[in-house]
Amino acid sequence: MWVIKIGGNAAVNAEAVLEELAAWAREGQRWVLVHGISAEADALGEALGHPPRYVTSASGFTSRYTDEGTRDILLMAYGRVNAHLVAALRRRGVHAIGLRGIDGGLLLARRKEALRIREGDRLLILRGDYSGTPVGVNAALLRALLEQGLYPVIAPMGITPEGAIVNIDGDRAAAAIATALRAEGLIFLTGAPGLLRSFPDEQTRVAELRLEELEEAMAWAQGRMRHKLLAAREALQNGLRCVWLADGRRPAPLTAALQGEGTRILATPSG
């Protein structure tokens, strides 16, 4: 049982990922796919006259500011990408089923009341945000689908206990799903060969990290990789044994990651 997170980065070779997932399904290997939409959502927002706004939190994490209009753009973008992924898997003989995190209470979230962001030397409070953090997963729903031979393809929009739809970081959603299902592992497919100590120099790939080293690594990791390290830490602290940061640009990216390429992050302490 594996959880795979495919980013919305245009550099990721989605066709290669889907080919491998189809092969895993034919071999009887169960998996859940969580997907992003960053490039699709940016393009749709520009086309609709509502371009994306990215903000940096006080703790240094950069993310999309999700006002109500942006949330609805995300819903449209997720719907399109999810449908195409499901159709592509079904063409490969996989009984895929598309789900949003709001369906069946799949991803329960806590909405962020306000964002503390940094603009230059100033710290500001930004309100009206429709993003959230995952606080619960309907694992019974996913297990029931998997037992029926269906393969979930999940768009990580969540729902609050009050019924509000919120945007959830896809990496943290995948981590929450992996721990709820007690998965064998979690694989993040990215547009890089793994975690780079000196971004963008690909010769500085870090082959392996331990949970105890993640805090230090988050201090020098760049861009979206910091989000993935945060999600990996949450997954490992909640019982997962291993997380992979894999190169999603190459052929057979899942096999390559499991054979030692990319970055492997282990829960067990060194020594």
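Whatever comes next refers back to the structure up there.
In short, a report on the structure. (Residues numbered from 1 in each chain as written. Predicted model: local features only at pLDDT ≥ 70, side-chain atom pairs only at ≥ 80, totals over all residues. Heavy atoms only, no water.)

## Quick look at the pattern of salt bridges
Stage number 1. Inspection of every chain in the model, using the stated rule, returns 22 salt bridges.
Stage number 2. Notably, a salt bridge pairs Arg100 with Asp103, separated by 2.9 Å at the nearest N-O pair.
Stage number 3. Among the salt bridges present, the one from Arg210 reaches Glu208, with a minimum N-O distance of 3.1 Å.
Stage number 4. Salt bridges here are not isolated pairs; linked through shared partners, they connect Lys5, Asp169, Asp171, Arg224 and Lys228. (Salt bridge = Lys/Arg side-chain N within 4 Å of Asp/Glu carboxyl O.)

## Overview of the pairing of strand E10 (residues 151–155)
Stage number 1. Most of E10 is tucked away, with five of its five residues classed as buried.
Stage number 2. Residue alternation in E10 divides its side chains into two sets, Tyr151, Val153 and Ala155 and Pro152 and Ile154, and both sets are buried.
Stage number 3. Of the pairings in the sheet, the one linking strand E5 (residues 96–100) to E10 comprises five bridges and is parallel in character. Within E10, the position partnered with Ile97 by the bridge is Pro152. (Buried < 20%, exposed > 50% of the residue type's maximum accessible area, 1.4 Å probe, protein only. Helix = DSSP H or I, 4+ residues; strand = E, 2+ residues; numbered from the N terminus. Pairing = 2+ DSSP bridges.)

## Section: the packing of aromatic side chains
Stage number 1. Under the defined criterion, the tally for this structure stands at three aromatic pairs.
Stage number 2. Ring plane angle 50° and centroid distance 5.9 Å describe the contact between Trp2 and Trp24, whose orientation is recorded as tilted. One end of the pair, Trp2, is in strand E1 (residues 2–6); the other, Trp24, is in helix H1 (residues 14–26), with 22 residues separating them in the sequence. With respect to burial, Trp2 and Trp24 carry one shared label: buried.
Stage number 3. Residues Trp2 and Trp244 carry aromatic rings whose centres are separated by 5.5 Å and whose planes lie at 50° to one another, so their mutual orientation is tilted. (Phe/Tyr/Trp six-rings, centres within 6.5 Å; stacked < 30°, edge-to-face > 60°.)

## Let's talk about the pairing of strand E12 (residues 165–168)
Stage number 1. Across two bridges, the pairing between strand E9 (residues 131–137) and E12 is parallel. Paired with Ser131 across the two strands is Asn167, which belongs to E12.
Stage number 2. Between strand E11 (residues 157–159) and the antiparallel strand that follows it, E12, lie five residues; Gly163 among them carries a positive phi value of about 95°.

## Brief notes about the sheet that holds strand E16 (residues 263–266)
Stage number 1. Read across the open sheet, the eight strands follow the order E5-E10-E2-E1-E13-E15-E16-E14; overall the sheet is mixed. In the strand order of this sheet, the two ends are held by E5 and strand E14 (208–210), each with one partner. In this sheet, neighbouring strand axes are inclined to one another by 20° on average, regardless of whether the strands run parallel or antiparallel.
Stage number 2. When strand E15 (residues 242–247) meets E16, the two strands line up antiparallel, connected through four bridges. In the sheet register, Leu245 faces E16, and the bridge partner there is Thr263.
Stage number 3. The sheet strands contacting helix H7 (residues 225–237) are E1, strand E13 (185–190), E15 and E16, and the helix crosses E15 at an angle near 155°. (Axes fitted to C-alpha atoms, helices over the stretch in contact; angles between N-to-C directions. Contact = heavy atoms within 4.5 Å.)

## Some points on unusual backbone geometry
Stage number 1. Residues Phe199 and Pro200 are joined by a peptide bond in cis, for which omega reads 5°.
Stage number 2. With respect to the helices and strands, Pro200 occurs in the loop between E13 and E14.
Stage number 3. Unusually for a residue other than glycine, Arg182 sits at a positive phi of about 55°.
Stage number 4. Considering the arrangement of structural elements, one finds Arg182 in the loop between helix H5 (170–180) and E13.
Stage number 5. Overall, the relative accessible area of 75% leaves Arg182 in the exposed class.
Stage number 6. Phi is positive for Ala252, which is not a glycine, with a value near 45°.
Stage number 7. Considering the arrangement of structural elements, one finds Ala252 in the loop between E15 and helix H8 (253–258).
Stage number 8. On the accessibility criterion, Ala252 (32% relative accessible area) is partly exposed.

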